[in-house]
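Listed below, chain by chain, are the residues.
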2 protein chains.
Amino acid sequence: MTTEEKIFQAAQKIFEKKGYAGARMQEIANEAGINKAMLHYFFRSKEQLFEAVFLNAFYKIAPKMNIIFMSEMSLFDKIRSFTDEYISFIVHNQYLPAFIIQEMNNNPDFVQKVLQNENAPKPTVLFKQIETEIAQGIIKPINPKQLLLNIFSMTVFPFAAPMLVKGLLQISQEEFNTLMHERKTLIAEQIINAIKNE
Amino acid sequence: MTTEEKIFQAAQKIFEKKGYAGARMQEIANEAGINKAMLHYFFRSKEQLFEAVFLNAFYKIAPKMNIIFMSEMSLFDKIRSFTDEYISFIVHNQYLPAFIIQEMNNNPDFVQKVLQNENAPKPTVLFKQIETEIAQGIIKPINPKQLLLNIFSMTVFPFAAPMLVKGLLQISQEEFNTLMHERKTLIAEQIINAIKNE
DNA sequence: ATATTTGCTAACCAAATGGTTAAACTAAAA
DNA sequence: TTTTAGTTTAACCATTTGGTTAGCAAATAT
């Protein structure tokens, strides 16, 4: 592993745990086992190092979102495969959603920068599909944005607020993981149950 | 307004916007229009000032949660009144959920401290009620923890990740507010639709 | 073989940051 | 009127923090 990779991985770990404001360049250097000057040698500044880490994190998740936005499946199958694949992925990267959400909240300017990229998921196609399926009588009438927001909320929230969820439900990390595994199919069931006709 | 109140309100504003790590004592003093030494005169340290603000925030929201945990209503009515009252309250305190969630994530020790207080919401009664209504055939079988998590996710998530939501749905703050207003009744409808028998 | 670039470190620096102090001001109690 | 207690400020302090510099050693190019 090159020094640059060591730095990047250390930065990932520290930024994800502490956020931009809470992270310290010295701590990242220690984690990487190298001299602090190397951080600036390879990445110029804390901001640029952070941006590299943040964009990498965001574009790790974005493709998973495109399952629901871009594929050719029926709405029900989109919901099923999105929840399943998203949760399967996030279980192995539990830190990502909270990190991304926190930094988007604290850095509103950043949001547009990220979402104007070509990789950024675009919901218009999905919205049209929902309207079509409503018109066909497959699902009950609902504002497409609300439906997408429901799917998203149920899928992402536990990973956005893991500490709150574990505290409120009074469960351990193990039970949390079990629940998340269950949710891979449960969320789709619940939503489809709520919107399907008959 | 006393100086202590000025400090507290300024601290609320700054901590909520920037988080503990991103907030600066000087900025809080400027916001309050007083000398920085006064912060330490009234609150001793940044940590203690933060703790006062955080606990205040948490115990503003906690009572709204007890609607669903502690009242005597039927499950459906609990869901209806929780989503309605929670969203109504949060619309006027949009910063609160993201702030609480962020600091609970960054400060895992803090979580237990907060949730061991007597005000802290306890879910056991609700879980039993759900199991009873399942046994009575009112609702379909579901893990009570999953049901609570669904209610919670749909209600809280948009306020936990407002920037991400606005970005992904490509909506303005105004449209966001409209959607949230709609959700006061929509969430309950969707969930009840998903779990009710017949 | 020599010059040059690249990777790396120790030491250093200026600014920022949380916190302290001593003195001054204010208002109420004695 | 004098004490006394609480409030406020300006100046100061020690530490932390992001960032820089000068130099060294190994690789690369000439």
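Computed from a predicted model, the values in this text were never measured in an experiment.

Attention now goes to the overall build of chain A. Looking only at helices and strands, one finds eleven helices and zero strands in chain A. Walking chain A from its N terminus toward its C terminus, one meets helices and strands in the order α-α-α-α-α-α-α-α-α-α-α. A principal-axis box enclosing the C-alpha atoms of chain A has dimensions of 65 × 40 × 30 Å. Buried positions account for 55% of the 198 residues belonging to chain A. Relative to all contacts within chain A whose residues are 6 or more apart in sequence, the contacts with residues 24 or more apart total 68%. Put simply, chain A has 21 plus and 21 minus side-chain charges, and the middle of one group is 5 Å from the middle of the other.

With that settled, consider the relation of the copies chain A and chain B. Here chain A sits on chain B after a turn of 180° about the axis and a move of 0.0 Å along it, with an RMSD of 0.1 Å. The operation mapping one copy onto its partner corresponds to a two-fold rotation axis. In terms of C-alpha distance to the rotation axis, chain A has alanine 194 of chain A as its closest residue, with the C-alpha 2.1 Å off the axis. Of the interface residues in chain A, 98% have counterparts in chain B that sit at the interface too, so the contact is made through matching surfaces.

Attention now moves to the nonpolar core. Ranked by internal contacts, the top residues of the largest apolar core, which has 150 residues, are Phe58 and Phe157 of chain A together with Phe58 and Phe157 of chain B. With near-sequence residues (within four places) excluded, phenylalanine 157 of chain A lies in contact with Phe152, Leu164 and Val165 of chain A together with Ile101, Leu149, Phe152, Ser153, Val156, Phe157 and Ala160 of chain B.

With that out of the way, let us pick up the interface of chain A and chain B. Taken together, the contacts link 54 residues of chain A with 54 residues of chain B. For the pair chain A and chain B, the summed buried area comes to about 4,700 Å², and 64% of that belongs to carbon and sulfur atoms. Across the pair lysine 145 of chain A and glutamate 175 of chain B runs a salt bridge, and its minimum N-O distance is 2.6 Å. Summed over the shared surface of chain A and chain B, the number is 14 residue pairs in polar contact (both at pLDDT 80 or more).

In the numbering adopted here, UniProt assigns the feature "DNA-binding region" (unreviewed entry) to residues 24–43 of chain A. Annotated as residues 24–43 of chain A, this span is 80% helix and 0% strand, and its ends, taken at the C-alpha atoms, are 14 Å apart.

Attention shifts here to the protein's contact with DNA strand C. Near DNA strand C lie 14 residues; those nearest to it are Thr3 and Tyr41 of chain A together with Arg24, Lys36 and Lys46 of chain B. What you see for DNA strand C is that sugar and phosphate hold 60% of its atoms within 4 Å of the protein. One of the side-chain nitrogen or oxygen atoms of arginine 24 of chain B is found 2.6 Å away from a phosphate oxygen of DNA strand C. Methionine 25 of chain B places a main-chain nitrogen or oxygen 3.1 Å from a phosphate oxygen of DNA strand C. Where the surface near DNA strand C is concerned, the elements lending two or more residues are α3 (36–43) of chain A together with α3 (36–43) of chain B. Counting residues per element, the surface near DNA strand C draws most heavily on α3 of chain A, at four residues. Of the residues belonging to the surface near DNA strand C, the class tally is seven nonpolar, four polar and three charged.

Looking now at the packing of helix α6 (residues 95–106) of chain A against helix α7 (residues 108–115) of chain A. All names here are of chain A. Axis separation between α6 and α7 bottoms out at 5 Å; the angle between their running directions is 120°. In this structure, α6 contributes Met104, Asn105 and Asn106 to the contact, and α7 contributes Pro108, Val111 and Leu115. Looking at the contact of α6 with α7 residue by residue, the class counts come to four nonpolar, two polar and no charged.

Mapped onto the secondary structure, glutamine 146 of chain B falls in helix α9 (residues 144–160). On the basis of relative accessible area, glutamine 146 of chain B is assigned to the buried category, the value being 0%. From its side chain, glutamine 146 of chain B meets the backbone oxygen of leucine 179 of chain A in a polar contact 3.1 Å long. Residues within four places of glutamine 146 of chain B in sequence aside, it is in contact with Leu179, Glu182, Arg183 and Leu186 of chain A.

Thresholds applied
Residues numbered from 1 in each chain as written. Chains lettered and ligands numbered in written order. Predicted model: local features only at pLDDT ≥ 70, side-chain atom pairs only at ≥ 80, totals over all residues. Heavy atoms only, no water. Helix = DSSP H or I, 4+ residues; strand = E, 2+ residues; numbered from the N terminus. Buried < 20%, exposed > 50% of the residue type's maximum accessible area, 1.4 Å probe, protein only. Contact = heavy atoms within 4.5 Å. Lys, Arg positive; Asp, Glu negative; His and termini not counted. Charge placed at Lys NZ, Arg CZ, Asp CG, Glu CD. Least-squares fit on C-alpha atoms with pLDDT ≥ 70 in both. Core = buried A, V, L, I, M, F, W, Y, C linked by side-chain atoms within 4.5 Å. Buried area = accessible area lost by both parts, 1.4 Å probe. Salt bridge = Lys/Arg side-chain N within 4 Å of Asp/Glu carboxyl O. Polar contact = N/O pair within 3.5 Å; in protein donor to acceptor, adjacent residues only side chain to side chain. UniProt positions renumbered as here; feature names shortened; annotations may be inferred. Near = heavy atom within 4 Å. Nonpolar A, V, L, I, M, F, W, Y, C, P; charged D, E, K, R; others polar. Axes fitted to C-alpha atoms, helices over the stretch in contact; angles between N-to-C directions.

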